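Each chain is listed here by its residues.
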Amino acid sequence: MTHVQIYLPIAELSVNVFLIFVMGLAVGFISGMFGIGGGFLMTPLLIFIGISPGVAVASVTTHIAASSFTGAITYWRRRALDPALALMLLVGGTIGTAAGVWLFSLLRSIGQLDLTIGLSYLILLGAVGSLMVVESAQAIIRARRGRPTEIRRGGSHTWIHGLPFKLRFKQSKIYVSTIPVWGIGFFIGFIGAVMGIGGGFLLVPMLIYVLRVPTNVVIGTSMVLTLVTMAFATIMHAATNHLVDMVLALILMVGGVTGAQFGARAGQKIRSEQLRLLLGLLVLAVGLRFAFGLVLQPEELYIVRAQGAT
Amino acid sequence: MMRWRLATSAVLVALGLCAAPANAERLVTSLSNYRVSIASNFTGADLVLFGTVDRDARTVARRGGYDIVVTVTGPRQTVVTWRKDRIAGIWVNAESRTFVDAPSYLAVLANRPADAIAGPELRRRLQIGLNDILLPQDIAGDVADVVRDDPFRMAFVRLRTEQGLYMERTNAVTFLTSTLFRTAIPLPADAPIGTYQVDVKLFADGTLIAREQSAFELYKAGFEQVVANAARNHGFLYGLGTSALAIFIGWLASVVFRRD
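Another point: the overall build of chain A. Regarding its fold elements, chain A presents 10 helices and five strands. Its C-alpha atoms give chain A principal-axis dimensions of about 55 × 45 × 40 Å. Residue burial in chain A is summarised as follows: out of 310 residues, 54% are buried. Within chain A, counting contacts between residues at least 6 apart in sequence, those at least 24 apart form 80% of the total.

All names here are of chain A. With their axes 10 Å apart at the nearest point, helix H2 (residues 39-48) and helix H10 (residues 272-295) run at an angle of 30° to one another. If you check the angle between H2 and H10, you find them roughly parallel. Where H2 crosses over H10, the two elements pack in a sense that is left-handed. Contacts between H2 and H10 pair Phe40, Leu41 and Pro44 from the former with Val283, Val286 and Arg289 from the latter. Of the residues belonging to the contact of H2 with H10, the class tally is five nonpolar, no polar and one charged.

This part takes up the pairing of strand S5 (residues 76-87) of chain B. The sheet contact formed by strand S5 (residues 302-306) of chain A and S5 of chain B spans five bridges and is antiparallel. Note on S5 of chain B: the bridge partner recorded for Ile303 of chain A is Trp82 of chain B. Pairing analysis gives 11 bridges linking S5 of chain B to strand S6 (residues 90-103) of chain B, with the strands arranged antiparallel. Directly across from Gln77 of chain B, in S6 of chain B, lies its bridge partner Ala102 of chain B. The loop that links S5 of chain B with its antiparallel partner S6 of chain B comprises two residues; one of these, Ala88 of chain B, has a positive phi angle of about 55°.

A few words now on the sheet that holds strand S11 (residues 174-175) of chain B. The strands making up a sheet associate through backbone hydrogen bonding, with each pair oriented either parallel or antiparallel. Residue and element names in this part refer to chain B. Pairing is antiparallel across the open sheet formed by four strands, whose spatial order is S1-S3-S12-S11. Strand pairing shows two members of the sheet lacking a second neighbour, strand S1 (26-31) and S11, which therefore form its edges. Relative to strand S12 (residues 180-187), S11 is paired through two bridges, and the arrangement is antiparallel. Residue pairing in the sheet places Thr174 in a bridge with Arg182 of S12.

Now for helix H5 (residues 222-233) of chain B. In this model, H5 of chain B (12 residues) spans 17 Å end to end at C-alpha, consistent with the 16 Å of a helix rising 1.5 Å per residue. For H5 of chain B, the set of buried residues is Glu224, Val227, Ala228 and Ala231 of chain B. One face of H5 of chain B carries all of its buried residues, which in axial projection span an arc of 95°. Exposed and oriented more than 90 degrees from the buried face of H5 of chain B are Gly222 and Asn233 of chain B. Check the buried side of H5 of chain B and you find it contacts strand S1 (5-8), helix H8 (215-240) and helix H9 (246-267) of chain A together with strand S2 (35-38), strand S14 (207-220) and helix H6 (235-256) of chain B.

Attention now moves to the packing of helix H5 (residues 113-144) of chain A against helix H6 (residues 178-195) of chain A. Residue and element names in this part refer to chain A. Two numbers describe how H5 lies on H6: the axes approach to 10 Å, and their chain directions differ by 125°. Classified by the angle their axes make, H5 and H6 are oblique. For the pair formed by H5 and H6, the contact residues are Ile117, Ser120 and Tyr121 on the first element and Ile191, Val194 and Met195 on the second. Of the residues assigned to the contact of H5 with H6, the class counts are five nonpolar, one polar and no charged.

Next up on the list: the interface of chain A and chain B. If you look at the interface, chain A gives 47 residues, while chain B gives 50 residues. Contributing elements (two or more residues each) for the side of chain A that touches chain B: S1, strand S2 (13-16), helix H3 (53-77), H5, H8, H9, H10 and S5 of chain A. In terms of residue class, the side of chain A that touches chain B is built from 30 nonpolar, 13 polar and four charged.

What follows deals with the domain arrangement of chain B. Residue and element names in this part refer to chain B. According to the domain assignment, chain B consists of domain 1 (24-74 + 102-134 + 145-220) and domain 2 (221-254). Each partner contributes residues to the interface: domain 1 has six residues there, and domain 2 has six residues. Listed by contribution, the elements that provide at least two residues to the side of domain 1 that touches domain 2 are S2 and S14. Across the side of domain 1 that touches domain 2, the residue classes break down as three nonpolar, two polar and one charged.

The next thing to look at is the pairing of strand S3 (residues 45-54) of chain B. Note that S1 of chain B and S3 of chain B share six bridges and pair antiparallel. Opposite Thr29 of chain B, over in S3 of chain B, you have Gly51 of chain B as the bridge partner.

The next thing to look at is the nonpolar core. Residues Leu227 and Met253 of chain A together with Ile68, Val70 and Ala110 of chain B are the most contacted members of the largest nonpolar core, which totals 154 residues. No other element matches H8 of chain A, which puts 15 residues into this core. When residues are assigned to domains, this core turns out to be shared by domain 1 (24-74 + 102-134 + 145-220) and domain 2 (221-254) of chain B, each giving three or more. Not counting residues up to four positions away in its chain, the partners in contact with Ile68 of chain B are Ala110, Asn111, Val173, Phe181, Val200 and Leu202 of chain B.

Conventions adopted
Residues numbered from 1 in each chain as written. Chains lettered and ligands numbered in written order. Predicted model: local features only at pLDDT ≥ 70, side-chain atom pairs only at ≥ 80, totals over all residues. Helix = DSSP H or I, 4+ residues; strand = E, 2+ residues; numbered from the N terminus. Buried ≥ 20, exposed ≤ 12 C-beta atoms within 10 Å, placed from the backbone. Contact = placed C-beta atoms within 7 Å. Axes fitted to C-alpha atoms, helices over the stretch in contact; angles between N-to-C directions. Parallel < 35°, antiparallel > 145°, perpendicular 65-115°, else oblique. Left-handed = near helix turned anticlockwise from the far one by under 90°. Nonpolar A, V, L, I, M, F, W, Y, C, P; charged D, E, K, R; others polar. Pairing = 2+ DSSP bridges. Expected span 1.5 Å × (residues − 1). Arc of directions from axis to C-beta. Domains from an automatic or database assignment. Core = buried A, V, L, I, M, F, W, Y, C linked by C-beta atoms within 7 Å.

Structure, rendered in structure tokens:
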């Protein structure tokens, strides 16, 4: 069982089924624990075991679609999501995904996709990871001193609330301009398609801090956006770049959704600020791994790629 | 007069054609398999090539014995070799060379080193060995081969060799008798699908005396075939199907693991 090789028809290489399944399981466990899609871990892992960045990004979108659908169903049953807000986010999200796939194809044709993926991971994960570590460390210190650990929702009005085209979202109890909603949707869809991430770890803080969405509906709503942008990205990547490996995605999905269940149970036993610190460290570690890859002299300076592909 | 001369030359040509096979050796080869399928458990395969040097009573004796060079060429594809350079502190794909219609797989199998089989001029003309194979590059719209020690060419051949896709083996052809030989063509797990040309050359005393060409096909079988074809030819439907699969797996998980 541990030595079953399977041939991946699109990646065009033979991999150990058990290894891919365990990777799916491990990333699923982490994603369930933190309530995220786990794309920012899965895509780099696939790249590190030798799958080309293009196939990794395109196939992980499928994996995230599956795991976010499981999550969305759970939150839907608890009525812990805002359909109207999700719909408005999706307007921006689908356009962003289309733009992301277009950029992906362009970068692929000029041979700079690997670099862009590496740099984006480094910048995004480095920044987000550092912020999370600092924020959660402060929360832990506050908790030690016996102060409340809840995130302060701050003043109720910023410049965001001065923008036009306001809409009332009943479930979230917010009255906000659709411009930042579309903007956030576009951004998440865009980076998701380019980097092979669902973007939950970016979307959740954005919804909380920028749009002031209450925490009880935020994760469910973000999962709906992730589900649709990732399913759409799968179709777009398949139709334009032909890089989605169904066999790879299937093994990842089965491992991922299984691992997520155990992760969710483990996550409930840990305090939320400790959970955020762990996630922050993890995000930072992946970002650093990319930094080393970009800064250290590679052992192999040459690389051979099919024309119009990286 | 003119007509007579034509007729005479036609007869001479016909005689020549008949005479040639009677004097020279003929190569007869056979592969163990002409259609190699890649299934989900494909981890590489060895194809066996058998061949014999067909002689008859009038064939001249060859004191130096025979030499065989088998060149197997996979489907051709245009590839780009990139070289990383340090730009602003990070390593970036900076320079590139486009290799036009380069073999995706190339095996040169012989019974002894190429320089012992033929002289440098003949080796270059017949492209015997990895050093003498033509690898034309697209240089600003002009397609031409470059010098043998071009760094991009060397890197390309080295990387392909490390992947097991290019190889040159000077002891891979075994003579079982003085005229019967065999060799194994190793196909790695990630050998690309398509038609592989097999070119068998027979040498004696440093000259080419016979040549035989055949081909085999590497194809994806069963489920892999369906998936690969669908992805290439019906990308949109394939994407829809893959998304539907993701939704199904996600739904299944929510049913299987439902707790409330």
